[in-house]
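# Working through the structure, step by step
Listed below are the residues making up each chain.
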Amino acid sequence: ENKLYGHYIVWRTGGFDGNITVTYQILNGTNATDDVDFSINPAPMIFIGNTNNVQSQMMIIANNNIWEPDKVIKLRLVADPPEALDESTATLDVWIRDDGDAGRFSV
C-alpha cells in the first residue's frame, strides 16, 4: 500500500540544563489503530544539555483505499527527567481525515 508521511516536532526552548530524553505515549481516546492505521518511529529523541534545538519524529499513515470515518491519534510527550517537560504543550491530537482514498494529516 501507499503511505503518507508526516512529522511531529519537539522544540527544546531552554529552562533545563541537563540532557533530556523524550518519548511518547498513545492516550485513551485514540480511535486509530497502531500498526494498522498509523505507525510512529519508537526511537527516543535525545536533547543534549545546554542546547536549544528542534527534533522531529516521523509518522506513517496507511493508505487502505477504503472509506472510513475520521480517526484521531492522541499523543502525550514524556520526558526524562519529567520536570523538563512543559505540561501545557505535552499533548497533541493528530487527525487522520479520510478522503475515500489515503488519509490526510491535520493537527
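Structural data are supplied above this passage.
All values reported here derive from a predicted model rather than from experimental measurement.

### Overview of a nonpolar patch on the surface
A contiguous nonpolar patch, built from Ile 9, Trp 11 and Val 54 and spanning about 380 Å² of accessible area, is present on the exposed surface. Mapping Val 54 onto the fold places it in strand 5 (residues 54–62).

### A word on unusual backbone geometry
Note the cis peptide between Asp 80 and Pro 81, where omega equals 10°. In this fold, Pro 81 is placed in the loop between strand 6 (71–80) and strand 7 (91–98). Despite not being glycine, Asp 35 has its phi angle at roughly 70°, a positive value. As for its placement among the helices and strands, Asp 35 is situated in the loop between strand 2 (20–26) and strand 3 (38–40). For Asp 35, a relative accessible area of 64% gives the class exposed. If you check the backbone angles, Asn 50 has positive phi at about 60° while not being a glycine. Residue position: Asn 50 is located in the loop between strand 4 (45–47) and strand 5. With a relative accessible area of 63%, Asn 50 lands in the exposed category.

### Brief notes about the pattern of salt bridges
Across all of its chains, the model carries five salt bridges by this definition. Among the salt bridges present, the one from Lys 74 reaches Asp 93, with a minimum N-O distance of 3.1 Å. One end of the pair, Lys 74, is in strand 6; the other, Asp 93, is in strand 7, and 19 residues separate them in sequence. The exposure class of Lys 74 is partly exposed, given its relative accessible area of 24%. Taking the shortest distance from any N to any O, the salt bridge between Glu 87 and Arg 76 comes out at 2.6 Å. With Glu 87 in the loop between strand 6 and strand 7 and Arg 76 in strand 6, this pair connects stretches of sequence that are 11 residues apart. Among the charged side chains, a network of salt bridges with common partners joins Asp 37, Glu 68 and Lys 71.

### A closer look at the environment of Ile 48
On the secondary structure map, Ile 48 appears in the loop between strand 4 and strand 5. Separated by 28 residues in the primary sequence, Ile 48 and Ile 20 have C-alpha atoms spaced 6.6 Å apart. Discounting residues that sit within four places of it in the chain, Ile 48 has contacts with Arg 12 and Asn 19.

So, how was this worked out
- For every chain, the first residue of the written sequence is number 1, and numbering continues from 1 onward in sequence order.
- With the structure being a predicted model, the display of local features is reserved for residues of pLDDT at least 70 and the display and counting of side-chain atom pairs for 80 or more, all residues being used for whole-chain, interface and lining totals.
- The basis for every side-chain value is the complete set of non-hydrogen atoms in the structure, without hydrogens or water.
- In this scheme, patches are assembled from residues that exceed 30% relative accessible area and form no salt bridge. Like charges are connected within 9 Å, while nonpolar side chains (Val, Leu, Ile, Met, Phe, Trp, Tyr) are connected within 5 Å.
- Here the Shrake-Rupley method, with its probe set to 1.4 Å, supplies the accessible areas, and only the displayed protein chains count as covering residues.
- Each reported salt bridge corresponds to a side-chain nitrogen of Lys or Arg within 4 Å of a carboxyl oxygen of Asp or Glu.
- For the purposes of this entry, the term helix denotes a DSSP run of H or I that reaches at least four residues, the term strand denotes a run of E that reaches at least two, and both are numbered from the N terminus.
- Exposure classes here rest on a 1.4 Å probe applied to the protein chains alone. A residue is buried below 20% of its type maximum, exposed above 50%, and partly exposed in between.
- Whether two residues touch is decided by their heavy atoms; if any such pair falls within 4.5 Å, the residues are in contact.

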